[in-house]
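# A structural walkthrough
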Amino acid sequence: TLSLHDALPILFLHYWDTATYGTWLMLSAIPSYLSMADVGMVTAAGNKMTMAMGKGDSLEANRIFQSAQMFMVIVCSALALLVVPLMLAAPPPAVATMDQRIALAALSIGVLVSLFGGLSEAAFKSTKRYATGTMAATLVRWGEWMGFMLGLVAVGSFAAVALTGLAVRLAGTVACMVLARSGRQGLSWGIQSADRAEIQSMFKPALSFMAFPLANALSFQGVTLLVGALFGPVAVALFNTYRTIARVAVQVTAIFSHSLWPEFSRLFGQGAMATVNRLFLRSAALGAAQSLLLSVVLYFLSPWMLRLWTHGAIEFVPSLMLLMLLYAAVGGIWHVPRVLLMATNQHTGLAYWSIFAGMLSVGLAWLLGGALQLNGVGTAMLLSELFIALTCSWLAYSAKTVNHTGNLHPKTALQ
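Now for a quick tour of the structure.

Criteria and cut-off values
Just so you know, the residues in each chain are numbered from 1, in the order the chain's sequence is written. Only residues with pLDDT of at least 70 get local features here, since the model is predicted, and only at 80 or more are side-chain atom pairs given and counted; chain-wide, interface and lining totals rely on the full set of residues. Water and hydrogen atoms play no part in the side-chain values, which are based on all heavy atoms of the structure. Stacked, edge-to-face and tilted are the three classes for Phe, Tyr and Trp ring pairs, Trp counted by its six-membered ring, which pair at centre distances within 6.5 Å; planes under 30 degrees apart are stacked, over 60 edge-to-face, the rest tilted. The secondary structure listing takes helices from DSSP runs of H or I that are at least 4 residues long and strands from runs of E that are at least 2 residues long, numbered from the N terminus. Exposed residues in this analysis have more than 50% of their type's maximum accessible area, buried residues have under 20%, and partly exposed residues fall in between, with area computed by a 1.4 Å probe over protein chains only. The rule is short: NZ of Lys or CZ of Arg within 6 Å of the ring centre and within 35 degrees of the ring normal puts a charge over the ring. Between N-to-C directions, angles cover 0 to 180 degrees, with each direction set by a line fitted to C-alpha atoms, over the stretch in contact for helices. Each angle receives one of four descriptions, namely roughly parallel if under 35 degrees, roughly antiparallel if over 145, roughly perpendicular if within 65 to 115, and oblique otherwise. Note: crossing handedness is left-handed where the near helix turns anticlockwise from the far helix by less than a right angle, and right-handed where it turns clockwise. In this description, contact between two residues means that some pair of their heavy atoms is separated by no more than 4.5 Å. Amino acids outside the nonpolar list (Ala, Val, Leu, Ile, Met, Phe, Trp, Tyr, Cys, Pro) and the charged list (Asp, Glu, Lys, Arg) are all regarded as polar, and Gly is one of them.

### Quick notes on the packing of aromatic side chains
Under the definition given, this model contains 13 aromatic pairs. Considering the side-chain rings of tryptophan 24 and phenylalanine 148, the 5.8 Å spacing of their centres and the 75° angle between planes classify their relative orientation as edge-to-face. In this pair, tryptophan 24 is assigned in helix H3 (residues 18-29) and phenylalanine 148 in helix H7 (residues 130-154), connecting sequence segments 124 residues apart. Of the two residues, tryptophan 24 and phenylalanine 148, both sit in the buried class. Between tryptophan 142 and tryptophan 145, the ring centres sit 5.7 Å apart and the planes meet at 75°, which makes this aromatic pair edge-to-face. With tryptophan 142 and tryptophan 145 both in helix H7 and three residues apart, this pair spans about one turn of that helix. Tryptophan 145 sits in the buried class, given a relative accessible area of 4%. Ring pairing ties together the aromatic residues Trp16, Trp24, Phe148 and Phe158, which thus form one cluster. Seen from the ring of tryptophan 261, lysine 125 lies directly overhead, with NZ or CZ sitting 4.3 Å from the centre. Over the aromatic face of phenylalanine 212 sits the side chain of arginine 338, whose NZ or CZ is 5.3 Å from the ring centroid.

This is how it looks when you write it as structure tokens:
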């Protein structure tokens, strides 16, 4: 998904020119690679916790929860001690000023805090409080974005924007941790029940989950950086704004599909395989319809949205918007099949293909961008999205958790 400071360029472009905003987008793309630091442990643990709760074993769920906490404390602390000095003293070549270095360090810490905060979302999800957890996490992200805006309006430097956003992110993460612990849910913060063997048992599905942020880093941030290298920061601002508008349809479909995640996990843990199958087939059809219809509507609304969001600084190019909306429509179609595989820890094959699709996206963007400029980049993203959509749908429909009789599929069931 795209970051919130990507989503409303209207305020950034009110205080910064297009080139400065494009530089900020490239800066904020670099720390996103740290999103792979948890090697998928939080998501894998959340699935196992939900399955354990589904069969009524809160002790097992708490052991999984605290094992994941121990792992994340070690990883996030070690990376913070490594990354912050590195960003300040030896930043990437494109980061020339101290203002940019401080911003990069603060954004990096924010990513690590967000990773640890994912444990709160796992706790909410596994205890039938998915809606509460989603609302809390969304408020934290919006709070972080408002922190960015505060730094932008009050000071205007890259460092001020990043630091105020980080301060709100920290406060919101602590609040979510307190809220996740409230009530008699059987889960607690700490590492007293942490089990090394539990961590080892989660490593295989966790490592597969790591492939998804890597694929996103290639297809989102990688393409963003490539556009900046090929065409400059002004083109980055234009391209990312078009992509953000187009992906509104994907975000709506994602809200729908991710609300199914805990239900897929819980039903799978209970062994209700026929119910999982029915829920999946109906939801996949509804998700595809949502994505297609919203993309059509967005094409007609996009000229107005561009004028509103960018104060007219970014023009409407019909061919580029059409390519981006086709790309987004395809992206929404495979969301429900993707969630089914991920919610039941049967995502290993999809993980490998997702990395390939991310590499394909960057490679095609480089090849086609030179000949067709931004339209070439849009075409590359559409082609790579078609590839992974077809692959994911094939994996979900041919190797899903159940066959049509409701019996557990022998090749794909969790052992």
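Further notes follow.
### Here we look at the packing of helix H6 (residues 98-126) against H7
For the pair H6 and H7, the least separation of the axes is 8 Å and the interaxial angle reads 165°. One element, H6, and the other, H7, form an angle in the roughly antiparallel class. Where H6 crosses over H7, the two elements pack in a sense that is right-handed. Here Leu107, Glu121, Phe124 and Lys125 of H6 lie close against H7, whose contacting residues are Tyr130, Thr132, Gly133, Ala137, Arg141 and Phe148. Grouping the constituent residues of the contact of H6 with H7 by class yields five nonpolar, two polar and three charged.

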